[in-house]
Amino acid sequence: MTARLHCFGESGNCYKAALTLELAGYPWEPVWLDFFHGGARRPEFLALNEMGEAPVFVEDGTVLTQSCVIQLHVAESTGSFLPPPELRPDMLRWMFWDGQKGSGQQGALRFLMNFLPADRRLPAAETWLANRVGAALGTLERHLAGREWMVGEAPSLADLACCGYLFYPEPFGFDRKALPAIDAWLDRIAALPGWKPPYALMPGNPADRA
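These figures come from a predicted structure and were not determined experimentally.

**Student:** For the pattern of salt bridges, give the residues involved together with the corresponding values.
**Tutor:** Overall, the coordinates contain 9 salt bridges when judged by the stated rule. A salt bridge links lysine 16 to aspartate 98; the nearest nitrogen and oxygen atoms lie 2.8 Å apart. Residue lysine 16 is located in helix H1 (residues 12-24), and its partner aspartate 98 is located in helix H4 (residues 88-101); the two are separated by 82 residues in the primary sequence.

Dropping the structure here:
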């Protein structure tokens, strides 16, 4: 049975899982989640993930939720994107950092700035989050200065986690050209065989709702 990933194109967390599947050569197919019309709150989806969040990975009776868990499953199944054992704690350190300081904040800010109706936007929250996102991007920029990959000498899950929201076109205060180390690192990821941008990899696009 081909693995199925319940996902939607607008989600950077879905993209992290989908990109890992694609680059690792793991057979999979996307299942569109109609997130913006309440798909994550429907009983059939909550039966898969009581958290009401995407992505959800389903294969032969195995159900996995949370993007990093899915990434680890794919990497351990294929032997792809895992650094040497002594570097794996550092890989996990950056994956957990991304969940809190990277994607965890970038996704919220991007949602507030691009997907909320104008009359529901929260300028004070956007300003607060923008400062947090800027600080975290500064951390990432400093870490990548003088190195090609997040951990060790080859791409790992740390790279595929921390890049999740940074390939999206919608603005959220991220200027690639102002962060040259991040910019060059994203170019290296995009050069990996099989790489695709989010909206080419998963169904669901803001243009569909325009």
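**Student:** Can you tell me about unusual backbone geometry, naming the residues and giving the values?
**Tutor:** It is generally the case that most residues other than glycine have a negative phi and that most peptide bonds are trans. Backbone torsion omega between alanine 54 and proline 55 reads 15°, so that peptide bond is classified as cis. Mapped onto the fold, proline 55 is located in the loop between helix H2 (43-46) and strand S3 (56-59). The phi torsion at aspartate 60 lies on the positive side, around 50°, for a residue other than glycine. Along the chain, aspartate 60 falls in the loop between S3 and strand S4 (62-65). Of note, glutamine 66 is a non-glycine position whose phi angle comes to about 75°, a positive value. On the basis of relative accessibility, which here comes to 34%, the residue glutamine 66 falls in the partly exposed class.

**Student:** Provide a residue-level description of the sheet that holds strand S2 (residues 28-32), including the pertinent values.
**Tutor:** The pairing of strands in a sheet happens through backbone hydrogen bonds and is either parallel or antiparallel. Reading across the sheet, the 4 strands line up as S2-S1-S3-S4 and stay open at both edges, with mixed pairing between neighbours. Only two strands of the sheet have a single partner each, and these edge strands are S2 and S4. The average angle at which neighbouring strand axes cross in this sheet is 20°, direction not considered. As paired strands, strand S1 (residues 3-7) and S3 are joined by 3 bridges and run antiparallel to one another. Counted as the bridge partner of leucine 5 is phenylalanine 57 from S3. Sitting on the sheet, H1 touches S1, S2 and S3, and the angle it makes with S1 is about 155°. In this fold helix H3 (residues 67-78) packs onto S1, S3 and S4, with an angle of close to 130° to the strand it touches most, S4.

Thresholds applied
Residues numbered from 1 in each chain as written. Predicted model: local features only at pLDDT ≥ 70, side-chain atom pairs only at ≥ 80, totals over all residues. Heavy atoms only, no water. Salt bridge = Lys/Arg side-chain N within 4 Å of Asp/Glu carboxyl O. Helix = DSSP H or I, 4+ residues; strand = E, 2+ residues; numbered from the N terminus. Buried < 20%, exposed > 50% of the residue type's maximum accessible area, 1.4 Å probe, protein only. Pairing = 2+ DSSP bridges. Axes fitted to C-alpha atoms, helices over the stretch in contact; angles between N-to-C directions. Contact = heavy atoms within 4.5 Å.

The values reported here are purely geometric and, on their own, carry no functional implication.
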